[in-house]
Amino acid sequence: MARVGGAAVGVPMSPAVAAEADTRNPESAGRVWLLRVRWLALAGCAALAGAVELWGGYEVPARAVFLLLAVAAASNVALWAWIQAGRALGDRAAGSVLLFDILLLTAILALTGGASNPFGSAYLLYVAVGALLLPPTWALGLVTACVAAYSGLFWLGSAGHASGHHDMRLHL
(Lines give C-alpha, C1' and ligand atoms only; values in the text may rest on other atoms or scores of the structure.)
Protein backbone atom coordinates (compact mmCIF):
# COMPACT_ATOMS: atom_id res chain seq x y z
CA MET A 1 0.00 0.00 0.00
CA ALA A 2 1.07 3.56 -0.54
CA ARG A 3 1.75 5.43 2.68
CA VAL A 4 0.46 8.90 3.40
CA GLY A 5 1.39 10.26 6.81
CA GLY A 6 2.23 6.74 7.99
CA ALA A 7 -1.19 5.29 7.06
CA ALA A 8 -1.71 2.78 4.26
CA VAL A 9 -3.79 4.34 1.48
CA GLY A 10 -5.02 3.19 -1.92
CA VAL A 11 -4.13 0.08 -3.83
CA PRO A 12 -1.06 -2.15 -3.35
CA MET A 13 2.04 -0.78 -5.06
CA SER A 14 5.54 -1.99 -5.62
CA PRO A 15 8.26 0.03 -3.91
CA ALA A 16 9.23 1.57 -7.26
CA VAL A 17 5.69 2.80 -7.91
CA ALA A 18 5.28 3.94 -4.32
CA ALA A 19 8.51 5.94 -4.61
CA GLU A 20 7.32 7.40 -7.91
CA ALA A 21 4.01 8.37 -6.32
CA ASP A 22 5.65 10.12 -3.39
CA THR A 23 2.91 12.39 -2.08
CA ARG A 24 5.46 15.13 -1.40
CA ASN A 25 5.96 15.35 -5.16
CA PRO A 26 2.57 16.07 -6.75
CA GLU A 27 4.02 15.82 -10.25
CA SER A 28 5.19 12.21 -9.85
CA ALA A 29 1.97 11.24 -8.05
CA GLY A 30 0.04 12.67 -11.01
CA ARG A 31 1.99 10.52 -13.43
CA VAL A 32 1.08 7.35 -11.54
CA TRP A 33 -2.50 8.65 -11.44
CA LEU A 34 -2.31 8.90 -15.25
CA LEU A 35 -1.59 5.17 -15.43
CA ARG A 36 -4.59 4.36 -13.25
CA VAL A 37 -6.92 6.66 -15.17
CA ARG A 38 -5.82 5.05 -18.45
CA TRP A 39 -6.70 1.58 -17.07
CA LEU A 40 -10.09 2.86 -15.92
CA ALA A 41 -10.78 4.50 -19.28
CA LEU A 42 -9.71 1.36 -21.11
CA ALA A 43 -12.02 -0.81 -19.01
CA GLY A 44 -14.90 1.62 -19.60
CA CYS A 45 -14.31 1.68 -23.36
CA ALA A 46 -14.13 -2.10 -23.54
CA ALA A 47 -17.33 -2.49 -21.52
CA LEU A 48 -19.12 0.10 -23.65
CA ALA A 49 -17.92 -1.46 -26.90
CA GLY A 50 -19.02 -4.89 -25.72
CA ALA A 51 -22.43 -3.60 -24.62
CA VAL A 52 -23.02 -1.82 -27.93
CA GLU A 53 -21.99 -4.93 -29.83
CA LEU A 54 -24.31 -7.17 -27.81
CA TRP A 55 -27.30 -4.94 -27.13
CA GLY A 56 -26.88 -1.65 -28.97
CA GLY A 57 -28.52 -2.48 -32.25
CA TYR A 58 -25.74 -0.71 -34.18
CA GLU A 59 -23.26 -2.21 -36.55
CA VAL A 60 -19.86 -1.68 -34.98
CA PRO A 61 -16.60 -3.11 -36.37
CA ALA A 62 -15.96 -4.86 -33.06
CA ARG A 63 -12.74 -6.60 -34.10
CA ALA A 64 -11.12 -3.36 -35.17
CA VAL A 65 -12.31 -1.54 -32.03
CA PHE A 66 -11.09 -4.31 -29.73
CA LEU A 67 -7.78 -4.43 -31.60
CA LEU A 68 -7.32 -0.71 -30.91
CA LEU A 69 -8.25 -1.29 -27.27
CA ALA A 70 -5.65 -4.09 -27.13
CA VAL A 71 -3.05 -1.64 -28.47
CA ALA A 72 -4.06 0.79 -25.71
CA ALA A 73 -3.74 -1.99 -23.11
CA ALA A 74 -0.29 -2.91 -24.44
CA SER A 75 0.81 0.72 -24.19
CA ASN A 76 -0.45 0.82 -20.62
CA VAL A 77 1.54 -2.31 -19.77
CA ALA A 78 4.61 -0.65 -21.29
CA LEU A 79 3.95 2.50 -19.24
CA TRP A 80 3.56 0.39 -16.10
CA ALA A 81 6.87 -1.38 -16.85
CA TRP A 82 8.52 2.02 -17.35
CA ILE A 83 7.34 3.17 -13.92
CA GLN A 84 8.16 -0.19 -12.28
CA ALA A 85 11.73 0.14 -13.53
CA GLY A 86 11.97 3.33 -11.48
CA ARG A 87 12.23 5.63 -14.48
CA ALA A 88 10.75 9.09 -14.21
CA LEU A 89 7.85 9.88 -16.47
CA GLY A 90 8.80 13.33 -17.71
CA ASP A 91 6.71 15.84 -19.57
CA ARG A 92 7.74 14.50 -22.97
CA ALA A 93 6.78 10.92 -22.10
CA ALA A 94 3.49 11.88 -20.39
CA GLY A 95 2.58 14.21 -23.26
CA SER A 96 3.43 11.53 -25.81
CA VAL A 97 1.23 9.02 -23.99
CA LEU A 98 -1.67 11.47 -24.09
CA LEU A 99 -1.07 12.20 -27.79
CA PHE A 100 -1.08 8.47 -28.46
CA ASP A 101 -4.38 8.16 -26.58
CA ILE A 102 -5.83 10.99 -28.68
CA LEU A 103 -4.85 9.10 -31.84
CA LEU A 104 -6.44 5.90 -30.53
CA LEU A 105 -9.62 7.75 -29.57
CA THR A 106 -9.75 9.29 -33.03
CA ALA A 107 -9.37 5.89 -34.69
CA ILE A 108 -12.10 4.38 -32.51
CA LEU A 109 -14.44 7.31 -33.18
CA ALA A 110 -13.74 7.07 -36.92
CA LEU A 111 -14.79 3.42 -36.81
CA THR A 112 -17.90 4.04 -34.73
CA GLY A 113 -19.68 7.02 -36.19
CA GLY A 114 -17.03 9.65 -36.79
CA ALA A 115 -17.90 13.16 -35.67
CA SER A 116 -21.52 12.12 -35.01
CA ASN A 117 -20.40 9.73 -32.24
CA PRO A 118 -21.55 11.26 -28.94
CA PHE A 119 -18.29 10.19 -27.28
CA GLY A 120 -16.41 12.80 -29.28
CA SER A 121 -16.61 14.88 -26.13
CA ALA A 122 -14.02 12.48 -24.65
CA TYR A 123 -11.39 14.74 -26.22
CA LEU A 124 -12.13 17.17 -23.39
CA LEU A 125 -10.78 14.61 -20.92
CA TYR A 126 -7.38 14.72 -22.60
CA VAL A 127 -7.42 18.50 -22.48
CA ALA A 128 -8.21 18.42 -18.76
CA VAL A 129 -5.62 15.74 -17.94
CA GLY A 130 -2.99 17.57 -19.96
CA ALA A 131 -3.78 20.84 -18.18
CA LEU A 132 -3.44 19.12 -14.79
CA LEU A 133 -0.25 17.17 -15.46
CA LEU A 134 1.77 19.09 -18.03
CA PRO A 135 3.26 22.54 -18.54
CA PRO A 136 1.23 25.05 -20.57
CA THR A 137 3.07 24.42 -23.84
CA TRP A 138 2.26 20.71 -23.71
CA ALA A 139 -1.32 21.42 -22.66
CA LEU A 140 -1.74 23.79 -25.60
CA GLY A 141 -0.27 21.14 -27.88
CA LEU A 142 -2.84 18.62 -26.62
CA VAL A 143 -5.65 21.12 -27.21
CA THR A 144 -4.39 21.63 -30.75
CA ALA A 145 -4.14 17.87 -31.31
CA CYS A 146 -7.71 17.34 -30.03
CA VAL A 147 -9.12 20.09 -32.25
CA ALA A 148 -7.25 18.71 -35.27
CA ALA A 149 -8.34 15.13 -34.51
CA TYR A 150 -12.01 16.02 -34.07
CA SER A 151 -11.91 18.21 -37.18
CA GLY A 152 -10.36 15.31 -39.03
CA LEU A 153 -13.39 13.20 -38.17
CA PHE A 154 -15.54 15.62 -40.17
CA TRP A 155 -13.10 15.65 -43.05
CA LEU A 156 -12.65 11.87 -43.19
CA GLY A 157 -16.24 10.96 -42.52
CA SER A 158 -16.79 7.63 -40.85
CA ALA A 159 -14.79 4.51 -41.58
CA GLY A 160 -17.49 2.43 -39.90
CA HIS A 161 -21.11 1.78 -40.80
CA ALA A 162 -22.67 4.09 -38.24
CA SER A 163 -22.43 7.57 -39.71
CA GLY A 164 -24.55 10.36 -41.03
CA HIS A 165 -27.17 12.72 -39.73
CA HIS A 166 -29.43 9.88 -38.55
CA ASP A 167 -26.90 9.08 -35.84
CA MET A 168 -27.57 12.36 -34.10
CA ARG A 169 -30.28 10.49 -32.21
CA LEU A 170 -27.42 9.14 -30.07
CA HIS A 171 -26.87 12.61 -28.62
CA LEU A 172 -28.80 13.83 -25.60
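Residues numbered from 1 in each chain as written. Predicted model: local features only at pLDDT ≥ 70, side-chain atom pairs only at ≥ 80, totals over all residues. Heavy atoms only, no water.

Caption draft 1: Inspection of the environment of Leu-105 at higher detail. Here Leu-105 shows up in helix 4 (residues 91-111). In this structure the C-alpha to C-alpha distance between Leu-105 and Tyr-150, which are 45 residues apart in sequence, comes to 9.7 Å. When near neighbours in sequence (up to four residues on either side) are disregarded, Leu-105 contacts Ala-122, Tyr-123 and Tyr-126. (Helix = DSSP H or I, 4+ residues; strand = E, 2+ residues; numbered from the N terminus. Contact = heavy atoms within 4.5 Å.)

Caption draft 2: Representation of the confidence of the model for the chain within the structure. Overall, the prediction assigns the chain a mean pLDDT of 79, with 73% of residues at 70 or greater. Across residues 1-21, where pLDDT falls below 50, the model places 36 contacts with residues more than four positions away in sequence or in other chains. In the predicted structure, residues 160-166 sits below a pLDDT of 50 and forms 13 contacts with residues beyond four places in sequence or in another chain. (pLDDT = per-residue confidence, 0-100.)

Caption draft 3: Just the nonpolar core, in detail. The biggest cluster of nonpolar side chains holds 24 residues, and the ones touching the most others in it are Leu-34, Leu-98, Ile-102 and Tyr-123. Secondary-structure elements contributing two or more residues to this core are helix 2 (26-56), helix 3 (62-84), helix 4, helix 5 (123-133) and helix 6 (136-156). The leading source of residues in this core is helix 4, at seven residues. Setting aside residues no more than four positions away along its own chain, Ile-102 makes contact with Tyr-123, Tyr-126, Leu-142, Ala-145, Cys-146 and Ala-149. Ranked by size, the runner-up nonpolar core spans ten residues in total, among them Leu-42, Val-60, Leu-68 and Leu-111. (Core = buried A, V, L, I, M, F, W, Y, C linked by side-chain atoms within 4.5 Å. Buried < 20%, exposed > 50% of the residue type's maximum accessible area, 1.4 Å probe, protein only.)

Caption draft 4: Geometry of the environment of Gly-141. As for its position among the elements, Gly-141 is in helix 6. On the accessibility criterion, Gly-141 (32% relative accessible area) is partly exposed. Sequence separation between Gly-141 and Gly-95 is 46 residues; the distance between their C-alpha atoms is 8.8 Å.

Caption draft 5: View of the environment of Val-71. Its place among the elements puts Val-71 in helix 3. Taking the C-alpha atoms as reference points, Val-71 and Leu-104, separated by 33 residues in sequence, lie 8.5 Å from one another. Excluding residues within four positions of it along the chain, Val-71 makes contact with Phe-100 and Leu-104.

Caption draft 6: Quick peek at the layout of surface pockets. Considered as a void within the structure, the largest pocket measures approximately 930 Å³ in volume. As for the largest pocket, its lining consists of 34 residues, of which Cys-45, Leu-48, Leu-105, Ile-108 and Phe-119 are closest to the centre. Within the lining of the largest pocket, the residues separate by chemical class into 28 nonpolar, four polar and two charged. (1 Å grid on protein atoms, 1.4 Å probe; cavity = no way out; pocket = protein on both sides within 12 Å on 5 of 7 lines; lining within 4 Å. Points joined across faces, edges and corners; volume = space filled by probe spheres on them. Nonpolar A, V, L, I, M, F, W, Y, C, P; charged D, E, K, R; others polar.)

Caption draft 7: View of the packing of helix 4 against helix 5. Axis separation between helix 4 and helix 5 bottoms out at 10 Å; the angle between their running directions is 175°. For the element pair helix 4 / helix 5, the angle class is roughly antiparallel. Residue-level inspection shows Asp-91, Leu-98, Asp-101, Ile-102, Leu-105, Thr-106 and Leu-109 of helix 4 in contact with helix 5, the latter providing Tyr-123, Tyr-126, Val-129, Gly-130 and Leu-133. Tallied by class, residues from the contact of helix 4 with helix 5 come to eight nonpolar, two polar and two charged. (Axes fitted to C-alpha atoms, helices over the stretch in contact; angles between N-to-C directions. Parallel < 35°, antiparallel > 145°, perpendicular 65-115°, else oblique.)

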